[in-house]
Amino acid sequence: MTFASAFLLVFFARTVYGSCPGDCPHTKLAFLYESFKCEPKCSNESNCPVEYKCVDLAANSNVCYFNGNFYKPDETAQSSLTWEQCMGCSCGLQEVGHPGTFNCYYADCIMFNVTEGCRLDEKLGECCYTSQVCPPFQTCTIAKQRFLEGQKFIHPTEKCTKCYCGKGEGGAGVVNCERQYCLDLLFFQYEIMRKCAPLYQETDVCCPSGWICRKYLPLLSNYSSLVILRNVGRYR
């Protein structure tokens, strides 16, 4: 069953901001703000975010913005998040005086021949696998689930987190994990600058499936023909 929800993306600008120390519930919008590297303002009662201060894309013309960094025209956005999806992105300008947009391409990988009985070494942040792991395999255990050495997997309990089971000492594997963030700033800077609303078509996803701009909101019941849907893979 498909679930669709949309939220207005509001950018506030008050005074006291910083990381919030509270044990705060995970929400889709909070994760999206984290992906944009916005600064949270914390509640005095719960120590959880009550609003966010984000970079004003409209005030930064002739540059591109992603993952907390600005890029000049033709500069490449260096990120393990993009490279793991085999994408390279460079800043391009559509019009002088307007925020830049990224031009992205997909890399091609040369097939790695795995020895019989071995498995690919699926390291985090890598596009093309160039090494293998062979028996005896070490194992990693998280939340009563077991993973093999060299395996990349979604964390069983921490949402929007990818992990890797690496070789450890004493026969036990070692788990390394990385928070995975949304890549919407690479493809939807214009919609985000206009404060359009992120659309979630499924319940168990981390990132939006598309964006709805203000003039379309009254017609949300027919959203499938109106929203700007992404055409790249998204992280779940």
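The rules we used
Residues numbered from 1 in each chain as written. Predicted model: local features only at pLDDT ≥ 70, side-chain atom pairs only at ≥ 80, totals over all residues. Heavy atoms only, no water. pLDDT = per-residue confidence, 0-100. Contact = heavy atoms within 4.5 Å. Salt bridge = Lys/Arg side-chain N within 4 Å of Asp/Glu carboxyl O. Helix = DSSP H or I, 4+ residues; strand = E, 2+ residues; numbered from the N terminus. Buried < 20%, exposed > 50% of the residue type's maximum accessible area, 1.4 Å probe, protein only. Core = buried A, V, L, I, M, F, W, Y, C linked by side-chain atoms within 4.5 Å.

When pLDDT is averaged across the protein, the result is 80; 80% of the residues are at 70 or more. Confidence drops under a pLDDT of 50 for residues 8-16, and excluding neighbours within four residues, the segment shows 25 contacts in the predicted structure. Segment residues 218-236 is flagged for pLDDT under 50; beyond a separation of four residues in sequence, or across chains, it makes 46 contacts in the model.

On to the pattern of salt bridges. Applying the stated criterion to the full structure yields 5 salt bridges. Residue Lys53 is joined to Glu39 by a salt bridge in which the shortest nitrogen-to-oxygen separation is 3.8 Å. Pair noted here: Lys53 is in strand β3 (residues 49-53) and Glu39 is in strand β2 (residues 39-42), with a separation of 14 residues, a long-range link. Take Glu39: its relative accessible area is 38%, and that puts it in the partly exposed class. For Asp204, the salt bridge goes to Lys159, with nearest N and O atoms at 2.7 Å. Note that Asp204 is positioned in the loop between β15 (197-200) and β16 (210-212) and Lys159 in the loop between β12 (152-154) and β13 (161-166), a separation of 45 residues in sequence. By relative accessible area, Asp204 is classed as exposed at 54%.

With that settled, the discussion passes to the nonpolar core. Core analysis: the biggest nonpolar cluster contains 34 residues, and Phe66 and Phe102 have the highest contact counts within it. In terms of residues, this core owes the most to one element, helix α1 (residues 28-35), which gives 4 residues. Formed by 6 residues, the second largest nonpolar core is a distinct cluster that contains Cys140, Phe147, Phe153 and Cys163.

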